[in-house]
Structure formats: structure tokens, C-alpha cells
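# Tertiary structure, described
Take a look at the letters that make up each chain.
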Amino acid sequence: MAVVIRLQRVGKKAQAQYRVVAIEKKTAVGSEAKEVLGIYHPTNKNAAEQVKLDLTRVQHWIKNGAKPSETVASLIKKAEAAAK
């Protein structure tokens, strides 16, 4: 099966928070992920704390064929820029 890296919503009704997860492409939205790779808090004003990713694990999954969604790809770029 194909593995994708996508966002999984968690948090309260009006306070969205997301997990960045590696998950099978065909699984349902609320299903258990293979691995949690990081978090994304879009409502956090501090840009440094908005995205936290384990970049080594993200690169591991990408090398093994996982495809990130468009949003996750932009978050990966943001996290790599913050790490430099």
C-alpha cells in the first residue's frame, strides 16, 4: 500500500491543531497512524512554535516512498528553514 504524510486534525472545535502523520493512503480520517512525525498549530502567533517536525523521520519516510501532501510539503520547507 501507498503511504502518505498528511495532517490529522486534533483539538477543540474552534481551536484546530494538527498532527503530521505517516499513514496508509486509503485509511479513514480518524484511523490510527503508522507514526506521528510532528505537530502543527496554525493559531499560534509565534512562527517558531507553529511547526515542530522530526525532520530525520520525515526524510526516512520520504526515502521509503511516502508522498507528502501539498500542505505538509510547505510545512516541511518551513521547518527546514527554521532549523538552519
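Residues numbered from 1 in each chain as written. Predicted model: local features only at pLDDT ≥ 70, side-chain atom pairs only at ≥ 80, totals over all residues. Heavy atoms only, no water.

Turning next to the nonpolar core. Residues Ile5, Val20, Leu37, Val51, Leu53 and Trp61 are the most contacted members of the largest nonpolar core, which totals 15 residues. Only strand E1 (3-12), strand E2 (15-24), strand E3 (35-40), strand E4 (51-53), helix H2 (55-63) and helix H3 (70-83) provide two or more residues apiece to this core. It is H3 that contributes the most residues to this core, 4 residues altogether. Once you skip the residues sitting within four places of it in the chain, Leu37 turns out to touch Ile5, Val20, Val21, Ala22, Lys52, Leu53, Asp54, Arg57, Val58 and Trp61. (Core = buried A, V, L, I, M, F, W, Y, C linked by side-chain atoms within 4.5 Å. Buried < 20%, exposed > 50% of the residue type's maximum accessible area, 1.4 Å probe, protein only. Helix = DSSP H or I, 4+ residues; strand = E, 2+ residues; numbered from the N terminus. Contact = heavy atoms within 4.5 Å.)

Before going further, it helps to examine the pairing of E1. Here E1 pairs with E2 via 10 bridges, running antiparallel. Bridge pairing links Val3 to Glu24 in E2. From the end of E1 to the start of E2, which pair antiparallel, there are 2 residues. (Pairing = 2+ DSSP bridges.)

Right, let's get into the sheet that holds E2. Ordered in space as E4-E3-E2-E1-E5, the 5 strands form an open sheet in which the pairing is mixed. On the outer flanks of this sheet lie E4 and strand E5 (67-68), each paired with one strand and no other. Most of the contacts of H2 go to E3, to which it runs at about 125°, and overall it touches E1, E2, E3, E4 and E5. Helix-sheet contacts for H3 involve E1, E2, E3, E4 and E5, and the interaxial angle to E4 is about 90°. (Axes fitted to C-alpha atoms, helices over the stretch in contact; angles between N-to-C directions.)

Between its first and last C-alpha, H3 extends 20 Å over 14 residues, near the 20 Å set by a 1.5 Å rise per residue. The complete set of buried residues in H3 reads Val72, Leu75, Ile76 and Ala79. Viewed end-on, H3 has its buried residues packed into an arc of 105°, placing them on one side of the element. Exposed residues lying more than 90 degrees from the buried face of H3 are Glu70, Lys77 and Ala81. On its buried side, H3 packs onto E1, E2, E3, E4, H2 and E5. (Expected span 1.5 Å × (residues − 1). Arc of directions from axis to C-beta.)

Per-residue confidence for the protein chain gives a mean pLDDT of 89, with 100% of residues at or over 70. When mean pLDDT is taken per element in the protein chain, E5 scores highest with 95 and helix H1 (residues 47-50) scores lowest with 79. (pLDDT = per-residue confidence, 0-100.)

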